[in-house]
Each structure stands twice: as structure tokens, then as C-alpha cells.
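These are the residues of each chain, in order.
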Amino acid sequence: MCIRDRANTFEMGTDLKTFQGWPVFPYEQPAHAVTLSKSFWIDLTEVTVEDYSVCWALKVCKLPMQGPKLNWGVPGKDKHPANGVTWYDAKQYCEWKGKRLPTEAEWELAARGTDGRMFPWGNTKPTCDLVVNDKCGTTGTQKVGSKPKGDSPYGVHDMSGNVAEWVADYFKEDYYYESPAVDPKGPETGTKRVARSFMAPFYDIPLFPQEWRATQRGRWSPLLADVNPVVVGIRCVQTAP
């Protein structure tokens, strides 16, 4: 399922140095106006194991990683997000669906809307009613869309938590200082790709506000060489006709 969003100008990033008592990272700064000139559709949920298995069965997509806390091949995890997928796997899946990975700007608009909120649901602190987290009596990922109270302004599920989601852009820490004002697509080159929707399950930490912000930017090797692969999944978009 997808939603359609009209082209919008919104505030991307933030000028805050702290939020709710926690530091804001330099790579989330500064706040800058971004205009997306084309409407787009974004998946309401992260790509599930069930979704990805069709692509794999047709020998289009590669087998995801398997192991502890990875969802592939685990009974009862069909409706959980597909994790352990490289950036290249994610790109291949979205293209097979006739879609693509979102730009970082598209992802942030879908997560925050146009009112400058810091979390998909607003500015109140994360709670177990809003996000999937190991501190909430469960372990690992949960079925996609299981925390509807934490939805974004457009009704998009799990844009904070469950798994992080690859986007198309290369990562550059100070990119926001040079980012184009219209349809930014990230740096032309780099060694790391951006992932959004920080995912804290599997880590023995409380619900730290800085880890759930919609401005938070993961930056990892596209082959998952520098991050626990359980934390990364897929969400696709499509340019509206």
C-alpha cells in the first residue's frame, strides 16, 4: 500500500543543539528549507519478509542474511520487516517492484510533515505505545504497523523504530550546508549510504529521545560491514504520475 503526497516545502534537519535534554548531532544540522517538486507515493509499511520472499523465489533478489535476530526463514516472522539486506539488495527489490529507494528528503517529509515536528507523532517523548523497543516487553522486531499511535502525519507506519530503512543518498556529515533547496539527492559520491528510522531493538538501552528523532541520520557501509545487519530494512517510493 502507498500514499500520495503533494509536492511540499518543508524544514529538513534542525537548528537545535539539544532536544529533551539530549544532544542533537552535528550531521542533523542546520535546518534548511527543502522543496520537493514532484509528488510521490511512499510505502505505508516497511517491506516484510513475506514481500521480499516473492522477489527471492523469482530469483530476482538475493537471499537476506540469516542468523540470530534476523527474520528470514523464522516461523511467525512473515509480517515482520525484512532485515539483513544490503543497500544493493534494497535497491534491487524496489526496482523489481517498479519503485525506487526514497531520497533522504522524501523520507524526512513523509516522517515529519511540514510542521517541524521532531518525531513522526509530534514532539512528546517516545513511549512503548509509539515505538517498537526491547524495553517494552518484547524482543526484536514486531509486525509492521503494530504501533499506529506512532504513525507519521501521513499515516506512515514505523518511521521511528522497528528497523532502519535504506535511502538512496550517499552520506556526508556536512551535506546540509550545501544541499540544493529543490529536490536534493545527496552527495554525488561517498563510501556510506544513509539509513533513516533509527532502530533500537537489540540494544540494551532505554528509549533515548535522540535515537528516535525523525532528523536522525544513520550512515553505514552499503554492504553492512560496519553495523549489526539486524537493524536495517527497506521502504520503497514511487514518483507519482
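Attention in this report is confined to the structure presented alongside it. For clarity, every value in this text was computed on a predicted model and none was experimentally measured. (Residues numbered from 1 in each chain as written. Predicted model: local features only at pLDDT ≥ 70, side-chain atom pairs only at ≥ 80, totals over all residues. Heavy atoms only, no water.)

1. Observations concerning empty space enclosed by the protein
Our working definition: Throughout, the protein atoms alone are placed on a 1 Å grid, and a set of points is a cavity if a 1.4 Å probe fits but cannot get out or a pocket if it is open with protein on both sides within 12 Å along at least five of seven lines; lining residues have an atom within 4 Å of a point. Grid points are joined across faces, edges and corners, and a volume is the space filled by probe spheres set on the points. Just so you know the grouping, Ala, Val, Leu, Ile, Met, Phe, Trp, Tyr, Cys and Pro go in nonpolar, Asp, Glu, Lys and Arg go in charged, and all remaining residues, Gly too, go in polar.
One pass over the structure, following the stated rule, counts 1 cavity of 30 Å³ or more. Of the voids in this model, the largest cavity is the one considered here, and its volume is about 40 Å³. Grouping the constituent residues of the lining of the largest cavity by class yields 5 nonpolar, 3 polar and 3 charged.

2. A few points about the packing of helix 1 (residues 49-57) against helix 2 (residues 87-96)
What counts here: Interaxial angle, 0 to 180 degrees, is taken between N-to-C directions of lines fitted to C-alpha atoms, where a helix line uses only the stretch in contact. Working definition: helices are DSSP H or I runs of at least four residues, strands are E runs of at least two. Numbering for both runs from the N terminus. Orientation labels follow simple angle bins: below 35 degrees gives roughly parallel, above 145 gives roughly antiparallel, 65 to 115 gives roughly perpendicular, and whatever is left gives oblique. Residue contacts are defined here by distance: any two heavy atoms, one from each residue, within 4.5 Å place the two residues in contact.
Between helix 1 and helix 2, the shortest axis-to-axis distance is 11 Å and the interhelical angle comes to 85 degrees. Of the possible angle classes, the one that applies to helix 1 and helix 2 is roughly perpendicular. Mapping the contact onto sequence places Asp51, Tyr52, Val54 and Cys55 in helix 1 and Asp89, Tyr93 and Trp96 in helix 2.

3. Observations regarding helix 1
Using the following cut-off: Only protein chains enter the area calculation, which uses a 1.4 Å probe; residues under 20% of their type maximum are buried, those over 50% are exposed, and those in between are partly exposed. The arc in question is the one spanned by the directions pointing from the helix axis to the C-beta atoms.
Those residues of helix 1 that sit buried are Val49, Tyr52 and Cys55. Along the long axis of helix 1, the arc covered by the buried residues comes to 120 degrees, so they all point the same way. Looking at the buried positions of helix 1, the neighbouring elements they touch are helix 2. Two residues or fewer after helix 1 comes Lys59, characterised by a positive phi angle close to 65 degrees.

4. Observations regarding a nonpolar patch on the surface
Formally: Residues enter a patch when their relative accessible area is above 30% and they make no salt bridge; the linking distance is 9 Å between like charges and 5 Å between nonpolar side chains (Val, Leu, Ile, Met, Phe, Trp, Tyr). To be clear on the numbers: accessible area is Shrake-Rupley with a 1.4 Å probe, and residue cover counts the displayed protein chains and nothing else. When a carboxyl oxygen of Asp or Glu lies within 4 Å of a side-chain nitrogen of Lys or Arg, that pair is called a salt bridge.
Among the surface-exposed residues, Val54, Leu58 and Val60 lie close enough to one another that they form a single nonpolar patch of about 240 Å² accessible area. Looking at the secondary structure, you find Leu58 in the loop between helix 1 and helix 2. Assessed through its relative accessible area of 54%, Leu58 is described here as exposed.

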